[in-house]
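Topology and contacts: notes
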There are 4 protein chains.
Amino acid sequence: MNPDQGVEFSLPLRVYIEDTDAGGIVYYVNYLKFIERARTEFMRTLGMDRSAIFNEQMMFVVSDMAVDYRQPARLDDELVATAALRQVGGASLKLRQTVCRGGALLVDAAVTLACVSPEHLTPRRIPKDMLAKLRAASLVPSD
Amino acid sequence: MNPDQGVEFSLPLRVYIEDTDAGGIVYYVNYLKFIERARTEFMRTLGMDRSAIFNEQMMFVVSDMAVDYRQPARLDDELVATAALRQVGGASLKLRQTVCRGGALLVDAAVTLACVSPEHLTPRRIPKDMLAKLRAASLVPSD
Amino acid sequence: MNPDQGVEFSLPLRVYIEDTDAGGIVYYVNYLKFIERARTEFMRTLGMDRSAIFNEQMMFVVSDMAVDYRQPARLDDELVATAALRQVGGASLKLRQTVCRGGALLVDAAVTLACVSPEHLTPRRIPKDMLAKLRAASLVPSD
Amino acid sequence: MNPDQGVEFSLPLRVYIEDTDAGGIVYYVNYLKFIERARTEFMRTLGMDRSAIFNEQMMFVVSDMAVDYRQPARLDDELVATAALRQVGGASLKLRQTVCRGGALLVDAAVTLACVSPEHLTPRRIPKDMLAKLRAASLVPSD
């Protein structure tokens, strides 16, 4: 666990043919699917399944992201996608997310999620109990 | 126009890197996106845009399909996806759809769409005015 | 195990937001990704990983399929995709594949794979040792 | 044409069901497919089709990107994806790319492409004649 990342969640996954492109590598867009799967499972470990965070009252949407592609993944690779909370605001979250293979960092991403009302996608506050769980998960464990 | 196809609608499209896989060809799943685009544009020519056919009262879903892959498409190919109504039932439609390159038939598909209520996806009748338009489009023009 | 299916392989998977569409259900095209993942993992259990079946000498491509959509899957559903060999020919394979949720059959597919040379995608014979493994996996175990 | 963007290329496109997710909006990952289509067509207008920029000697890969999501697109929207060269280096390109609907900016992206050798994806110089075309396209036209 990296001290400046709080709790880091890891999801193992496999590269299938659907993930690749004619360059013989994972299509750059598809790494973003991998990190979204990791975000979803990370949220689930906090007791926030999809019905909790994607319903008529609220949903999270990506408001911005910066992605650094270091090395490509290839068909059949076993990867790990990670998610770690870096900042928890009243209506938004900042995460660091990576895709790794073995010890190698392939993709490094900073992702901001905004909490919105589904109908018009206007910003809204994250519910209090959810906020408490998220803050706990973003704390750096002290030794 | 093929006499046993009624009106055939054609949509030109280009193969982009997103459509390919590590085999260097179009990923077999993605041809189904191509033919859905053709279906959507075909419906639009009948005055049935998405708000007409995908709303709180009804939507069309694919209930079955048979797909024959004859030849592969490759990156940068210029293709044509087609849609032709073969049968118009009270609550379902049968279409023949193809993907071609030049004169060559690459993919040949028979697709059945069911008209359903969105909430529980239970079958429902196609509205009368829509049915009339669909029947007209499935008629074989006489010489 | 169904007696008319030989060995059936099952792969559990989760529905993520990437798999859904604006109808609130899994986009019909994406079930085909699920069953391809099951095919790939099934092959791996037979000792045929991707480098064995997707290389400069050979690859398998889908030559035809028939897909029956019975019930929709939704966001966050836990599904099982299956693969079972029904017929092993000298240059092609026929599989039955399904997507299920709990005991419910959602999607039922018959898929034919052709063994081809990668360069021009011309048919070629399945290598002998591979054929033996495939035939063994398609046998109905006797009691 | 924006004076600080050089030549801006625009590609009109339509949102299909394949592009959406269960939130009823375009899945955030899919905007990146839209802007890649615009990049590809932009390159083509410069006389650089896929065989010129994606072959055994070279290909371009995305090395980093920053994406700002301002407003969502929805099913059936008519969008415009743009591409404009901001910087042409010896082995990399920086582009500004957007997705707009009418006058509204929905997605704003800065994308860096690296020119690499396909086999090991190691950086290589952009060929001279290509470089000249790219530099010409990145020039701000003077009045």
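As a reminder, the structure under discussion sits directly above these lines.
Rules of the game
All chains use their own residue numbering, which begins from 1 and follows the written sequence. Ligands are numbered from 1 and chains lettered from A, in the order in which they are written. Selection of residues for local features in this predicted model requires a pLDDT of at least 70, selection of side-chain atom pairs for listing and counting requires 80 or more, and totals for whole chains, interfaces and linings are taken over all residues. Only hydrogens and water are removed before side-chain values are computed, so all heavy atoms of the structure are retained for them. In this description a helix means any DSSP run of H or I spanning at least four residues, a strand means any run of E spanning at least two, and both kinds are numbered starting from the N terminus. With C-alpha atoms as the basis for the radius of gyration, the globule rule is written as 2.2 Å multiplied by the number of residues raised to the power 0.38. For every residue, the accessible area (1.4 Å probe, protein chains only) is compared with the maximum for its type, and the residue is labelled buried under 20%, exposed over 50%, or partly exposed between those bounds. Contacts are residue-level and defined by heavy atoms, with any inter-residue pair within 4.5 Å sufficient. Each accessible area value is a Shrake-Rupley result obtained with a 1.4 Å probe; residue values ignore everything except the protein chains displayed when judging cover. For two strands to be treated as a pair, DSSP must find at least two bridges joining them. Each axis is a line fitted through C-alpha atoms, taken for helices only over the stretch in contact, and angles between the N-to-C directions span 0 to 180 degrees. C-alpha atoms of residues with pLDDT of at least 70 in both copies form the basis for the least-squares superposition of the copies.

Looking now at the overall build of chain A. In terms of regular secondary structure, chain A is built from three helices and five strands. The order of α-helices and β-strands along chain A, N terminus first, is β-α-α-β-β-β-β-α. For 143 residues, the compact-globule formula gives about 15 Å, and the C-alpha radius of gyration of chain A, at 16 Å, lands near that figure. Out of the 143 residues belonging to chain A, those deemed buried represent 57%. Within chain A, contacts between residues at least 6 apart in sequence are counted, and of these 68% link residues at least 24 apart. Split by element, the accessible area of chain A, about 6100 Å² in all, is 51% carbon and sulfur.

Turning our eyes to something else, we now look at the sheet that holds strand E4 (residues 92-101) of chain D. With antiparallel pairing, ten strands are arranged side by side in an open sheet as E1(A)-E3(A)-E4(A)-E5(A)-E2(A)-E2(D)-E5(D)-E4(D)-E3(D)-E1(D). The open sheet has two edge strands with one neighbour each: strand E1 (8-14) of chain A together with strand E1 (8-14) of chain D. In this sheet, neighbouring strand axes are inclined to one another by 25° on average, regardless of whether the strands run parallel or antiparallel. Sheet analysis places strand E2 (residues 59-69) of chain A next to strand E2 (residues 59-69) of chain D, joined by five bridges and oriented antiparallel. Counted as the bridge partner of Met65(A) is Val67(D) from E2(D). Running over the sheet, helix H1 (residues 31-45) of chain A touches E1, E2, strand E3 (78-88), strand E4 (92-101) and strand E5 (104-116) of chain A together with E2 of chain D and is turned about 120° from E4(A).

Moving on to the relation of the copies chain C and chain A. The two chain copies are related to each other by a rotation about an axis together with a translation along it. Rotating chain C by 180° and translating it 0.0 Å along the rotation axis places it on chain A, where the RMSD comes to 0.0 Å. Given the turn and translation reported, the copies of this chain are related as if by a two-fold rotation axis. Within chain C, the C-alpha atom positioned nearest to the axis of rotation is that of Leu13(C), 5.5 Å from it. Taken together, the interface assignments show that 100% of the residues at the interface of chain C recur at the interface of chain A, consistent with an identical surface on both copies.

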